[in-house]
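Listed here are the chains, written in short residue letters.
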Amino acid sequence: MLQRILTHSNKTDLVIDLAELISGFLLVGFLWVHMFFVASVLVGPQAFNQVPKFLEAYYLAQIGIPAVIVLILAHMVLAGRRIPNRLQEMKMIWKHSRLLMHYDTWTWVFQVITGVAIGILAAAHIWTVVSRWTINMSISAERVTQSPYFIFYIILLICGEYHVGIGLYRIGVKWGWFKRQKLSKVLDVITLAIIAMGIVSLFVIKSHAGVTGGGGQ
Amino acid sequence: MALRTLKLEIFRYNPNVSGDKPQMQEYILEEEPDMTLFMALTRLREEQDPSLIFDFSCRAAVCGSCAMLINGRPKLACKTMTKDLRKKITLMPLPVFKLIGDLSVDTGSWFRAMNKRLEAWVHTNKEFDPDAQEGRMDNDLALRIYESERCIECGCCVAGCGTAILREEFISSAGLNRLARFFIDPRDERSPDQYFEVIGNEYGTFGCVGLMACDDLCPMEIPLQQQLAFVRRKMLVAGLTGSGR
Amino acid sequence: MSVPNPYITDVLVIGAGLAGERTAIEAASCGCDVTILSIVPPRRSHSTGAQGGMQASLGNTAMGRGDNTDIHFTDTVKGSDWGCDQDVARLFANLAPVAVRQLSYWGCPWNRVVAGRKTLPDGREIEELVEYEGLIMARDFGGTAKWRTCYTADGTGHTVQYTMDTVVLKMGITVHDRVETLSLIHDGEKCYGAICRCLRTGKLMVYLAKVTVIATGGYGRLYGASTNAIINEGTGMFIALNTGIVPLGNMEAVQFHPTAIVPSWVLITEGARGDGGYLLDKDLHRFMPDYEPAKKELASRDVVSRRMMHHMRIGKGVDSKYGLHLWLDIRHLGRKHIYTNLREIAKVCQDFNGIDPAKELIPVRPTQHYSMGGVRTNIDGAAYGLNGLYAAGEASCWDMHGFNRLGGNSLAETTVMGMVVGRKAAEYVAGTTFIYKESMVRDHIKRQQERINNLIAGRNGKENIYKLKKIMEDALLEKVFIFRNGKDLQEAVNTLREVYQRSLKAGLMSDGQGANPELGAALRLPGMLRLALCIAYGALQRTESRGSHSREDYPKRDDANWLKRTLAYWPEEGDLPVLKYEPVKITELPPGERGYGETAAVKK
Ligand SMILES: Cc1cc2nc3c(=O)[nH]c(=O)nc-3n(C[C@H](O)[C@H](O)[C@H](O)COP(=O)(O)OP(=O)(O)OC[C@H]3O[C@@H](n4cnc5c(N)ncnc54)[C@H](O)[C@@H]3O)c2cc1C
Ligand code: SF4
Ligand code: SF4
Ligand code: FES
């Protein structure tokens, strides 16, 4: 205890808390922008193909992707410090949630689970995209037609959006600018809308397989 | 409403009796009109099992003695009516706190230690003058202080908080709410910096992950979410502008 | 038998309610080493349950303008029906404003004066002045000439107790909670501390002290229906009585409250009637106007209680599993009014009966509420009979309440008396050296240990304590209640004597191990019966009506014969107290009309 008191600094706790908050916000921003880019397919394949060009032209891809990776890692470390790390702690929190049957506590448990899932799935996603860099309709459509990939993306999408929705709710609640119940409703709508948009986009991309000519190679 | 035969499953364990093991024990009890769990437990003790340990004092939901897990949720037993529960009722002691026996836990020592840690009293250098008129205060402020002061230290919020279950030193929403009361009280001369020293950390305001079980479970309906957020914002400002380490 | 290590302190305060904590604070600030004992954590004491307020003649509000300590004194003496000691009432009235202001200094969030015009529920117009804005506000309470009751919304006892406890914390005063005192250690002249039982482990403990203070609150739970916390079993009073040398004063003076909700007996505050609620009988007839055409439901507490009891006796009560009751009807006040101005009442209805008072009737009946009697002390709070023993608060008979306590005067008494007793105790400590005989301490421990052993082994018999307790509760409730008469009281005394004898043959159903609650109840029961006998027997002997003591066979106050205080002693042998009497001290105000008897009643 003495050592902890001597070495403990409240400023650090504050900075870490803020860093978690800011990294979270940035990732939310990224994810939503990302989803709008993907949804550009709803406008048409040309629009979709235009996006990576635009990104590269302004060096957003070259800087952006590594930056996002760093952000994700940072966020994982920062937020991860709250995750029950010992098996017994996990059991305790699981038992607690089951006993309590309290909605918000369950959502936190799911947030942890989706967080871990995103860590793994996003790594795979980034790897597949970057390893064959450039994004265009044909490559994406080809990937999406393989059904494991299609399911993979749906899972990643739902996890990501759920995580973001709950995360935003939690930030709002913690800092208290909004009424809890109202905030939760608004965020539920946004989350569902983006998930719907994402799924529709995925189907559209899938439907383009072969059509744009590149699909069957 | 028709009266039922209730089946109560109660956690039994007396750490002071050597060889005793934790177990759930079942009791059958005839329901009575307007029966509260206080009445039900008292009847069990007087008619069936006088060794049953539990705590009640005011039996009027004002003293905070009788919180327990009622069908898994922390609640005040004295103001829980059996007619609002299903026929089968499980009762367990609150988690987090030290078990005294059966349904009784040592919330008193926990809260005393917490209040000491927070130095939850008015810090002032002024002397009391018995002949002088009292210091003035705006009535709205007095009511705002009262809003936090209403906490009866029952421990429902603590027992429902995932963070408190994992981290023994977490000051909990009851502690942060208590501190908010002194923070807004002009009679307390502590600076925001001094408050930041005590709770501007992982064991205080930044330890809360916003699960809001506390806000949903407080039997006094204290607006804990708003209190927690208020403290967090004040501590952010204090931490960024202050000279604390 | 192993003798526990004694814990030694200067001042041992038994009880962590308002009286106990205030005494401890004063003694500690005089430099004494102080230890507080309590059955429950301090903040769970009964004092936290008081909602109404605390009297002090600050005179800040428009309706309290011109108030002063003289008027407060006069109200208190009249309220007591001239049964109080007037020097004590004077000291009290003078110190109450200091007590309230000091609480404010310590952080109590008293409600404050808000300037401006207001209309009261009865239509009167008042104006709060700007020059008083921000000073401590007061509300109306029965039996006072001015608005004098300081309050914090609907939780005065709570905030005052919490404030007091912050000072105890700040001063680092030792508090041992979950400790129950079983007996006093004394040698017939001097008190040396107490023998206690740890309610965590069941072990015996010994506390030795230069001064012992009894601040254990009232005995409401002797009655089958009481507004008191369930830990109010009068333990502090009977440990003093059990010495055989310390008398209890005026035990027959018991206050009743007209409206407790059935069946949990949680108090429904005066506000319900003050704002225009009706009392109805089983035919839904509003009966108070028949008895009190002028004041109706707004007559004083004891008057309304008596009318309700009478009405139930003539067959107009509503029958229920929990006995007869009447209805309180506030539906006509409207949902908005009920859920804003009478919020605490609405909450009680919802929490304890699951009813909506805007739509449904509230079942109510009169119950025991406050004990004016207690450990008889002088004006310094020193108990009669033993040096080094003091008492404070509801457990004491300091005697400023006489035969009827005014609402709001009790919280004020705990605090004021704590100030006085703490200081006097510290003076006593400074003037004494502490020498005790170990054999004496050992004797006292042995006596308690033997009681415990006998109960566990079932050596005395097998009487069921909960059944005996129920007989006692019913006897008091039926025969030593609001209306009293010679025949009923004699029957009650007979019943209680018999039950007392049986209580000495009690045995346990459980094994009595550890913090066993049945053992605790068994240890208390004989003492509680002694108190019950002091109440019933004192009431039987007092052949007059005074304050809350109302004899149907002697309906008049009798100053010629009864302007005196009962002192009850418990003899070495036998099952009845020995009653002695002493004159009450009259210094300023000769006996006269109370001004709010059966017909002229209080506003609220
Ligand atoms: C419902 C209700 C409302 C009230 N409202 C008002 C009001 O508005 N205004 C007003 O002036 N008065 C009011 N009163 C009366 C007032 O609340 C009490 O008289 C007062 O609080 C008594 O304070 P106390 O310190 O003497 O005792 P308590 O607060 O009862 O404290 C007793 C203490 O002694 C301890 N104790 C008891 N026995 C033992 C033992 N054997 N060993 C160790 N510790 C022991 C207990 O744990 C407790 O800490 C009300 C009473 C009731 C029932
Ligand atoms: S918001 Fe959640 S984590 Fe924070 S104190 Fe309340 S229950 Fe605990
Ligand atoms: S904040 Fe509410 S739940 Fe928590 S201890 Fe206080 S009264 Fe109980
Ligand atoms: S017994 Fe006091 S809150 Fe339940």
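Above this text sits the structure in question.
Criteria and thresholds
- Residues numbered from 1 in each chain as written.
- Chains lettered and ligands numbered in written order.
- Predicted model: local features only at pLDDT ≥ 70, side-chain atom pairs only at ≥ 80, totals over all residues.
- Heavy atoms only, no water.
- Contact = heavy atoms within 4.5 Å.
- Buried area = accessible area lost by both parts, 1.4 Å probe.
- Polar contact = N/O pair within 3.5 Å; in protein donor to acceptor, adjacent residues only side chain to side chain.
- Helix = DSSP H or I, 4+ residues; strand = E, 2+ residues; numbered from the N terminus.
- Nonpolar A, V, L, I, M, F, W, Y, C, P; charged D, E, K, R; others polar.
- Pairing = 2+ DSSP bridges.
- Axes fitted to C-alpha atoms, helices over the stretch in contact; angles between N-to-C directions.
- Salt bridge = Lys/Arg side-chain N within 4 Å of Asp/Glu carboxyl O.
- Near = heavy atom within 4 Å.
- Areas by Shrake-Rupley, 256 points an atom, 1.4 Å probe, with all protein chains shown as cover.
- Left-handed = near helix turned anticlockwise from the far one by under 90°.

Colleague: Quick question: what am I supposed to make of the interface of chain A and chain B here?
Modeller: One frequently used descriptor of interface size is the decrease in accessible area upon assembly of the parts. At the junction of the two partners, chain A supplies 35 residues and chain B supplies 45 residues. For the chain A and chain B pair, buried surface summed over both sides reaches about 3,400 Å², with 55% attributable to carbon and sulfur atoms. Counting across the interface, chain A meets chain B through 7 residue pairs in polar contact (both at pLDDT 80 or more). At the level of elements, α1 (2–7), α2 (10–39), α5 (87–100), α6 (103–131) and α8 (147–175) of chain A are the ones that each hand at least two residues to the side of chain A that touches chain B. Taken together, the residues of the side of chain A that touches chain B break down into 15 nonpolar, 8 polar and 12 charged.

Colleague: Just to check I follow, could you spell out the sheet that holds strand β19 (residues 396–397) of chain C for this structure?
Modeller: Strands belonging to one sheet form pairs held by backbone hydrogen bonds; the direction of such a pair is parallel or antiparallel. Residues and elements named next belong to chain C. Read from one edge to the other, the open sheet built from 5 strands follows the order β19-β17-β12-β22-β23, with strand pairing classed as mixed. Looking at strand neighbours, the two that pair on one side only are β19 and β23 (578–583), the edges of this open sheet. Across 2 bridges, strand β17 (residues 374–376) lies against β19 in parallel orientation. Residue pairing across strands places Arg 376 opposite Cys 397, the latter belonging to β19. Running at roughly 60 degrees to β23, helix α15 (residues 517–541) makes contact with β12 (248–249), β22 (564–569) and β23 of the sheet.

Colleague: Just to check I follow, could you spell out the interface of chain C and chain B for this structure?
Modeller: Residue-level contacts link 77 residues of chain C with 72 residues of chain B. Here chain C packs against chain B, burying approximately 5,800 Å² in sum over the two surfaces, 54% of which is carbon and sulfur. Looking at the side of chain C facing chain B, the largest losses of area belong to C:Arg44, C:Tyr105 and C:Leu169, adding up to 13% of the total buried there. Summed over the shared surface of chain C and chain B, the result is 7 salt bridges. Notably, a salt bridge pairs B:Asp55 with C:Arg178, separated by 2.8 Å at the nearest N-O pair. Counting residues per element, the ones that place at least two in the side of chain C that touches chain B are α3 (86–106), α4 (156–170), β8 (174–177), α10 (343–353) and α15 of chain C. With 9 residues, the top contributor of residues to the side of chain C that touches chain B is α4(C). Within the side of chain C that touches chain B, the residues separate by chemical class into 34 nonpolar, 26 polar and 17 charged.

Colleague: Which parts of the structure should I look at to understand the site of ligand 1?
Modeller: Residue and element names in this part refer to chain C. Ser 45, Ser 47, Glu 394, Ser 410 and Leu 411 are the nearest of the 38 residues found near ligand 1. At 2.9 Å, a backbone N or O of Ala 19 approaches an oxygen atom of ligand 1. Note that an oxygen atom of ligand 1 is positioned 2.7 Å from one of the side-chain N or O atoms of Ser 38. Calculation on ligand 1 without its partners gives an accessible area of 1,000 Å², and the protein chains cover 97% of this total. Counting residues per element, the ones that place at least two in the shell around ligand 1 are α1 (18–29), β2 (34–38), β9 (179–186), β16 (362–371) and α11 (409–430). If you tally residues by element for the shell around ligand 1, the top one is α11, at 4 residues. Grouping the constituent residues of the shell around ligand 1 by class yields 13 nonpolar, 22 polar and 3 charged.

Colleague: Teacher, can you tell me more about the packing of helix α12 (residues 438–457) of chain C against α15(C) here?
Modeller: Helix packing geometry: the angle between the two helix axes and the distance between the axes. All names here are of chain C. Their axes nearest at 11 Å, the elements α12 and α15 cross at an angle of 115 degrees. As for the relative orientation of α12 and α15, their crossing is right-handed in sense. The residues of α15 that touch α12, namely those facing Arg 451, Ile 452, Leu 455 and Ile 456, are Leu 519, Ala 522, Leu 523 and Pro 526. By residue class, the composition of the contact of α12 with α15 is 7 nonpolar, no polar and 1 charged.

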